[in-house]
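What the coordinates show
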Amino acid sequence: MTNIGSYDERVKQFDWSISEKELEYSDGNIINIGWYCSDRICDKGHGGKTALIWEGQGGVEKRFTYNDIRIHSNSIGAYLRSLGIKDEDRVCLFLDRIPELYIGFIGILKIGAIAQPLFSAFGDESLHLRLEDAGTKAILTQRKHVGKVRKVLDQLPRLEHIIVVDHDGKKPLKEKEIAFSMEAAAPVENFEIFPTKAESPSVLHYTSGTTGKPKGVKHVHYSLIGQYLTAKWVLDLRENDIYWCTADPGWVTGTSYGIIGAWSLGVTQCVLDSGFSADAWYSFIERHRVTVWYSAPTAIRSLMKAGKEAVERHDLSSLRHLCSVGEPLNAEAVVWSKEVFGLPFYDTYWQTETGAIMITNVPGMEVKPGSMGKGFPGITALVIDPKTYEPIVEPGRIGLIAFKPGWPSMMRTYWNNEATYLSKFNNGWYLSGDRARLDKDGYFWFVGRDDDVINTGGHLVSPFEVESALLEHEAVAESAVVAKPDEVNMEVVKAFITLKPGFDPNPDLELKIMNFIRKKLSPLAMPQEIEYMDSIPKTRSGKIMRRLLHAKEWGEETGDTSTLEDDE
Ligand code: WTA
């Protein structure tokens with residue numbers, strides 16, 4: 001028996017109060033995700049259960065029980081409070097996937113502050129933009145990343161504390177830096193958790209849009225109601241599971257399901273903080289007897305590349321349920337996983353903005369390889385006409401994926417950008433910005449994004465951000481950035497540039513430009529290729545015609561370019 005039981009029955013009789021009841025929450029009460037993910041599990045008598053199995057570089061392993069999570073997050077919360085951090089202050093987590101990241105997240109939420117997780121791979125410019133926009137007050141980081149914070153510190157007057165969680169006392173700390181060790185800190189048994197309510201802000205995740213400026217997606221504590229139930233019904237997490245979510249908490253999957261989903265259910269989860277290789281991943285599953293695995297298409301395609309032999313070198317018999325998110329999951333990948341693991345990957349679709357899974361395959365439902373599945377119970381998901389914003393009823397016709405607003409984990413706004421937030425709604429629908437079609441059985445089939453945002457291996461990259469970085473180089477006159485097809489990442493970033501007079505298009509210059517932008521962009525946003533052009537195609541009003549360059553890369557018809565020129 002699966003947690004969800006019959007999908008059709010659940011859809012017929014659904015109410016979010018199912019989740020509220022299980023969490024013993026009722027309207028108007030206190031709801032604090034930090035408490036739900038640690039104290040509540042201990043109160044239920046599971047304080048001694050393993051919450052986190054962590055493995056770092058070189059195979060070092062650490063384990064934390066729910067009681068450890070409770071006490072360490074209390075210590076972090078108490079420490080932040082002692083620095084003067086209060087509810088609604090933004091606290092950034094700029095850490096590798098070390099235990100402090102997961103437990104620090106809980107500690108921040110416990111004091112009612114807003115957790116702002118960022119990929120530790122971000123360069124100083126990416127970091128600067130996001131800390132400045134959020135008006136971040138404190139940042140938790142590591143020795144190896146503190147240099148990036150130092151570089152932009154003088155441009156961040158609102159950043160008061162740089163907390164180094166692994167300071168070894170060797171190199172002196174600089175301005176605003178302080179050392180704090182989670183494990184060495186005095187254990188805080190009793191801690192006064194901030195009484196956050198449903199609408200109190202919890203997490204701020206930055207996501208890329210077309211215009212370049214990353215948008216801060218604001219979530220609230222009530223999102224738990226959605227994350228808990230989707231983790232229970234889609235990921236099918238149960239008491240004895242060993243769960244592995246491969247996503248970094250710099251990305252929403254790594255918080256909604258890499259922290260909140262599993263811990264609010266009291267499930268043991270594991271984290272691998274080292275680079276990717278098929279063998280390393282399979283050994284990890286084998287060693288910890290992972291049962292439920294939530295990953296992404298890029299990783300799955302890389303595993304496919306490593307072949308069946310790599311699978312056969314390991315005992316993966318513990319696996320019982322596999323899910324995927326972040327990009328289109330090719331039908332081949334589903335067929336392959338069935339063949340080699342004996343289980344299909346269940347595709348799930350959602351966004352940073354939606355906070356939790358929206359369209360999905362669930363256990364017990366027939367999986368149609370290549371389809372994203374159907375709306376989660378309680379979610380009104382549909383495709384609408386891009387011109388009239390009316391629902392499309394006939395199967396097969398492509399439209400925009402839209403949702404009826406009102407699910408618990410929906411973002412509440414874009415930070416400092418209410419106008420863009422409001423522009424995501426039309427005719428009573430929330431517009432996802434993706435295109436899809438429905439088949440006669442109500443399954444969604446992903447078609448593509450409706451904007452120029454590039455999805456490379458699950459990471460959204462703004463073409464504008466890359467173009468801007470390129471333009472800062474002295475040799476670059478114009479730039480245009482589009483997606484290019486790639487076997488593993490599906491899409492990679494490709495840049496077209498024109499040069500200023502006096503510069504020669506040659507491979508040496510390309511290398512110099514690459515090195516220049518590497519300092520500004522996150523590694524995930526780096527172009528794989530730069531192509532020199534004599535001129536960049538533009539509309540009459542000067543907008544870059546990325547669609548034309550995109551079509552060229554994908555070997556598609558460029559279509560009627562005159563309409564593109566009018567499309568302003
Ligand atoms: C894409 C990720 C196809 C989509 C949790 C969406 C997908 C964007 C799928 C959100 C899927 C996510 N099939 N495309 N199953 N899941 N996407 O905000 O374009 O990083 O709008 O959140 O990823 O990416 P985000």
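The model shown is predicted, which means the values in this text are computed figures rather than measured ones.

1. Here we look at the sheet that holds strand 26 (residues 490-499)
- With respect to topology, three strands assemble into an open sheet ordered 25-26-27, the strand pairing being mixed. Two strands close off the open sheet at either side, each with one partner strand: strand 25 (476-486) and strand 27 (529-532). On average, each strand axis in the sheet is tilted by 25 degrees relative to the strand beside it, whichever way the strands run.
- Note that strand 25 and strand 26 share 10 bridges and pair antiparallel. Counted as the bridge partner of Ala 483 is Val 493 from strand 26.
- Contacting strand 25, strand 26 and strand 27, helix 16 (residues 507-518) runs over the sheet at an angle of about 130 degrees to strand 27.

2. Considerations on the domain arrangement of the protein
- Splitting the protein by domain gives domain 1 (7-436) and domain 2 (454-553).
- Counting residues at the interface gives 24 residues for domain 1, matched by 19 residues for domain 2.
- Note on domain 1 versus domain 2: buried area summed over both sides is about 1,700 Å², and carbon and sulfur give 54% of it.
- In this assembly, domain 1 and domain 2 are joined by zero salt bridges.
- Taken together, the connections running from domain 1 to domain 2 amount to four residue pairs in polar contact (both at pLDDT 80 or more).
- For the side of domain 1 that touches domain 2, the element with the most residues is helix 7 (residues 124-134), which contributes five residues.
- Grouping the amino acids of the side of domain 1 that touches domain 2 by side-chain chemistry returns six nonpolar, 12 polar and six charged.

3. Here we look at the sheet that holds strand 10 (residues 242-245)
- Ordered by their spatial adjacency, nine strands build an open sheet running 2-1-11-10-12-13-14-15-16, and the pairing between neighbours is mixed. Each edge of the sheet is formed by a strand with only one pairing partner; in this case those strands are strand 2 (61-65) and strand 16 (374-375).
- Sheet topology places strand 12 (residues 292-295) next to strand 13 (residues 321-324); four bridges connect them, and they run parallel. In the sheet register, Tyr 294 faces strand 13, and the bridge partner there is Cys 323.
- The sheet contacts of helix 5 (residues 66-82) involve strand 1 (50-55) and strand 2, and relative to strand 2 the element is tilted by about 85 degrees.

4. Description of the pattern of salt bridges
- The tally for this structure, following the rule as stated, stands at 45 salt bridges.
- Here Lys 137 makes a salt bridge to Asp 89, at a shortest N to O gap of 3.1 Å. Taken together, the positions of Lys 137 in the loop between helix 7 and strand 5 (138-141) and Asp 89 in the loop between helix 5 and strand 3 (90-94) put the pair 48 residues apart, joining distant regions of the chain. Each member of the pair, Lys 137 as well as Asp 89, carries the same accessibility label: buried.
- Lys 368 serves as the salt-bridge partner of Asp 439, at 2.8 Å between the closest nitrogen and oxygen. Taken together, the positions of Asp 439 in the loop between strand 21 (429-438) and strand 22 (444-449) and Lys 368 in the loop between strand 15 (359-360) and strand 16 put the pair 71 residues apart, joining distant regions of the chain.

5. Regarding the site of the ligand
- Close contacts around the ligand come from 19 residues, with Trp 251, Asp 347, Thr 348, Thr 352 and Asp 434 the closest.
- Taking Trp 251, its side chain carries an N or O atom lying 2.7 Å from an oxygen atom of the ligand.
- One of the backbone N or O atoms of Thr 348 is found 2.7 Å from a nitrogen atom in the ligand.
- Here the ligand has 530 Å² of accessible area as a free molecule, and 99% of this is covered by the chains.
- Contributing elements (two or more residues each) for the shell around the ligand: helix 10 (252-264), strand 14 (345-349) and strand 22.

Rules behind the numbers
- Residues numbered from 1 in each chain as written.
- Predicted model: local features only at pLDDT ≥ 70, side-chain atom pairs only at ≥ 80, totals over all residues.
- Heavy atoms only, no water.
- Pairing = 2+ DSSP bridges.
- Helix = DSSP H or I, 4+ residues; strand = E, 2+ residues; numbered from the N terminus.
- Axes fitted to C-alpha atoms, helices over the stretch in contact; angles between N-to-C directions.
- Contact = heavy atoms within 4.5 Å.
- Domains from an automatic or database assignment.
- Buried area = accessible area lost by both parts, 1.4 Å probe.
- Salt bridge = Lys/Arg side-chain N within 4 Å of Asp/Glu carboxyl O.
- Polar contact = N/O pair within 3.5 Å; in protein donor to acceptor, adjacent residues only side chain to side chain.
- Nonpolar A, V, L, I, M, F, W, Y, C, P; charged D, E, K, R; others polar.
- Buried < 20%, exposed > 50% of the residue type's maximum accessible area, 1.4 Å probe, protein only.
- Near = heavy atom within 4 Å.
- Areas by Shrake-Rupley, 256 points an atom, 1.4 Å probe, with all protein chains shown as cover.

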